[in-house]
Amino acid sequence: MVIMLVQNNKKELRKLMSCVSAVCPRDLIVGFDDADNAISYAENRRVDMCFADAMLDNSSGIALTRELRDLNENVCVNLLADDKEFAVDAWQHHINNYLIKPVTKAEVRDSIIV
Amino acid sequence: MNILALDDERLILDDMLAELRKVFDEDEIVGFETAESAMNYASDLQAHGEKLDYAFLDINLRGITGLEFAKKLKDVQHDTKIVFCTAYSEYAYDAYKMHASGYLLKPVEAAQIVETLDAIARDWRTSESTAPKDIRVQTFGNFDVFIDNKQVSFQREKAKELFAYLIDRNGAAITTGEIVSILWEDRPSDKTTLNQAHTVISSLKKTLKELGAGHIIVKTWNHIAVDTTKIKCDVYDFYKGDAIAVNSYRGEYMAQYSWAEMTNADLMEKSRR
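Thresholds, definitions, all that
Residues numbered from 1 in each chain as written. Chains lettered and ligands numbered in written order. Predicted model: local features only at pLDDT ≥ 70, side-chain atom pairs only at ≥ 80, totals over all residues. Helix = DSSP H or I, 4+ residues; strand = E, 2+ residues; numbered from the N terminus. Buried ≥ 20, exposed ≤ 12 C-beta atoms within 10 Å, placed from the backbone. Contact = placed C-beta atoms within 7 Å. Pairing = 2+ DSSP bridges. Axes fitted to C-alpha atoms, helices over the stretch in contact; angles between N-to-C directions. Nonpolar A, V, L, I, M, F, W, Y, C, P; charged D, E, K, R; others polar. Parallel < 35°, antiparallel > 145°, perpendicular 65-115°, else oblique. Left-handed = near helix turned anticlockwise from the far one by under 90°. Right-handed = clockwise from strand over helix to strand, strands pointing away. Expected span 1.5 Å × (residues − 1). Core = buried A, V, L, I, M, F, W, Y, C linked by C-beta atoms within 7 Å. Arc of directions from axis to C-beta.

A. Quick peek at the overall build of chain B. Looking only at helices and strands, chain B has 11 helices and 12 strands in total. Out of the 273 residues belonging to chain B, those deemed buried represent 31%. Put simply, of all contacts in chain B between residues at least 6 apart along the chain, 59% involve residues at least 24 apart.

Below, the structure is given as structure tokens:
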């Protein structure tokens, strides 16, 4: 399984990477601090799951979801946010799980089982 | 399938039931105005060994919230998919926390319900890394399927016939109603035959999944199709003009199925040219 992490803040991205790696040691985990680079990667490689920040520079987690789904309609996207603000949008776009930062290992595990 | 709708405002419940009837069979849906009667229904089903498949729940109920009700319901019917139907956005995060399957803003419409069901049915776990290298379908003569050169043994003859029909449809999606008309030509499309069709679909998916080929079936809420790009098939090669495939055709196509005669007639005509 290929798991993509998209988060503009590099420090937060590193923390997320270590958290997801601990839960999914056998999967390929790729991290991007830029949504465009993330999409370029997904154009060349099937992405099965994504953890994306709701707020991205020049983009958003929801916009990224739309682009990822154009490439793989079954991709499972989880949204990370500072608060509950985008939770309704997340439901309307059939986001798998909505997590408030900082994300814990238990929440990552939960997102994969849901 | 068993579906429950709960809303303590009669008019809104009636509207929701009307929308649900556009999506599900009428006799599968039961509406309740009180949490207590809805819980009794769920418990009764459990006592009779029946599953409650979906619960469409209002959140602002008298005496209990829909979120609290959902927790109690899950204690009785663990696998029920919960879909909240509310006029408020403020519970959206809580709904995620309790692993709900959907969150619809009122007024609920059939199209939203279908979208939610499709999202629930979507299986992101199908990964190319687990896909077998070679899936070969033979349609000339008798119909057979080979995965990594081993002949596939289907648990049910009807599941094999359904797969043959999906191959014949060349990637086009078919409804459960069409499946009934193909597999049980002389029987009407009613609750019994639709349930049997669902059993056949499950059996087909299970067989393919066990062999690592689950990804070739594309299933949405009420449609099923085959992903033709993942399969090597003689009849597809024939239509592409592949010389080996054209020469391997001997006048017989899926010989065991009567509905295949139409395609066979077309193949005969093309092979004479």
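B. Structural view of the sheet that holds strand β1 (residues 3–6) of chain B. Residue and element names in this part refer to chain B. An order of β2-β1-β3-β4-β5 is seen for the five strands of this open sheet, with the pairing classed as parallel. Both outer strands of the open sheet, β2 (29–32) and β5 (102–105), are each paired with one neighbouring strand and no more. Pairwise comparison of adjacent strand axes, ignoring direction, gives a mean angle of 15° for this sheet. Relative to strand β3 (residues 54–58), β1 is paired through four bridges, and the arrangement is parallel. Each residue of the ladder has a partner; that of Ile3, found in β3, is Tyr54.

C. Structural detail: the interface of chain A and chain B. At the interface, 15 residues of chain A touch 14 residues of chain B. Contributing elements (two or more residues each) for the side of chain A that touches chain B: α4 (87–92) and β7 (97–100) of chain A. For the side of chain A that touches chain B, the leading source of residues is α4(A), giving three residues. Residue composition of the side of chain A that touches chain B, grouped by class: nine nonpolar, three polar and three charged.

D. Layout of the packing of helix α1 (residues 10–23) of chain A against helix α5 (residues 105–113) of chain A. All names here are of chain A. Relative orientation of the contacting elements α1 and α5 amounts to 60°, with a least axis distance of 9 Å. In terms of orientation, α1 lies oblique with respect to α5. Taken as a pair, α1 and α5 cross one another with a handedness that is right-handed. Only Lys105, Val108 and Arg109 of α5 make contact with α1, whose side of the interface consists of Cys19, Val20, Ala22 and Val23.

E. Quick peek at the pairing of β5(B). Residue and element names in this part refer to chain B. One ladder, built from four bridges, connects strand β4 (residues 81–86) with β5; its direction is parallel. Paired with Phe84 across the bridge in β5 is Tyr103. Viewed along the sheet, the connection from β4 through helix α4 (residues 92–97) into β5 turns out right-handed.

F. Fine view of the sheet that holds strand β9 (residues 174–175) of chain B. All names here are of chain B. On the basis of which strands lie adjacent, the open sheet formed by three strands has the order β9-β11-β10 and antiparallel pairing. Of all strands in the sheet, those bounded by a partner on one side alone are β9 and β10 (217–219). Sheet analysis places β9 next to strand β11 (residues 223–226), joined by two bridges and oriented antiparallel. Looking across to β11, one finds that Thr175 is bridged to His223.

G. The arrangement of helix α11 (residues 261–272) of chain B in detail. Taking 1.5 Å of rise per residue, 12 residues should cover 16 Å, and α11(B) covers 17 Å from first to last C-alpha, within 8% of that figure. Counting buried residues in α11(B) gives one out of 12 residues, a small share hidden from the surface.

H. Molecular detail of the pairing of strand β1 (residues 2–6) of chain A. Residue and element names in this part refer to chain A. Counted residue by residue, β1 has five buried out of five residues, so it is predominantly covered. On β1, burial covers both faces: Val2, Met4 and Val6 on one face and Ile3 and Leu5 on the other are all buried. As judged from the four bridges shared by β1 and strand β3 (residues 49–53), these two strands associate in the parallel manner. Within β3, the position partnered with Ile3 by the bridge is Met49.

I. Looking closely at the nonpolar core. Grouped together as the largest cluster of nonpolar side chains are 72 residues, with contacts concentrated most on Met4(A), Val6(A), Cys50(A), Leu57(B) and Phe84(B). Considering every element that reaches this core, the biggest residue donor is β1(A), with five residues. Not counting residues within four places of it along the chain, the set of residues in contact with Leu57(B) comprises Leu6(B), Gly66(B), Phe69(B), Ala70(B), Ile82(B), Phe84(B) and Cys85(B). With 31 residues, the next largest nonpolar core counts Ile135(B), Phe140(B), Leu204(B) and Ile217(B) among its residues.

J. Spatial organisation of helix α8 (residues 191–210) of chain B. Residues and elements named next belong to chain B. The end-to-end C-alpha distance of α8, which contains 20 residues, comes to 28 Å, matching closely the 28 Å that a straight helix rising 1.5 Å per residue would cover. Along α8, the positions that sit buried rather than exposed are Ala197, Val200, Leu204, Thr207 and Leu208. Seen from one end, α8 has its buried residues packed into an arc of 95°, which puts them on one side. In α8, those exposed residues whose orientation departs by more than 90 degrees from the buried face are Lys191, Thr192, Ser202 and Glu210. The secondary structure elements touched by the buried residues of α8 are α6 (157–168), α7 (176–183) and β10. Looking one or two residues past α8, Gly212 carries a phi angle of roughly 75°, positive in sign.

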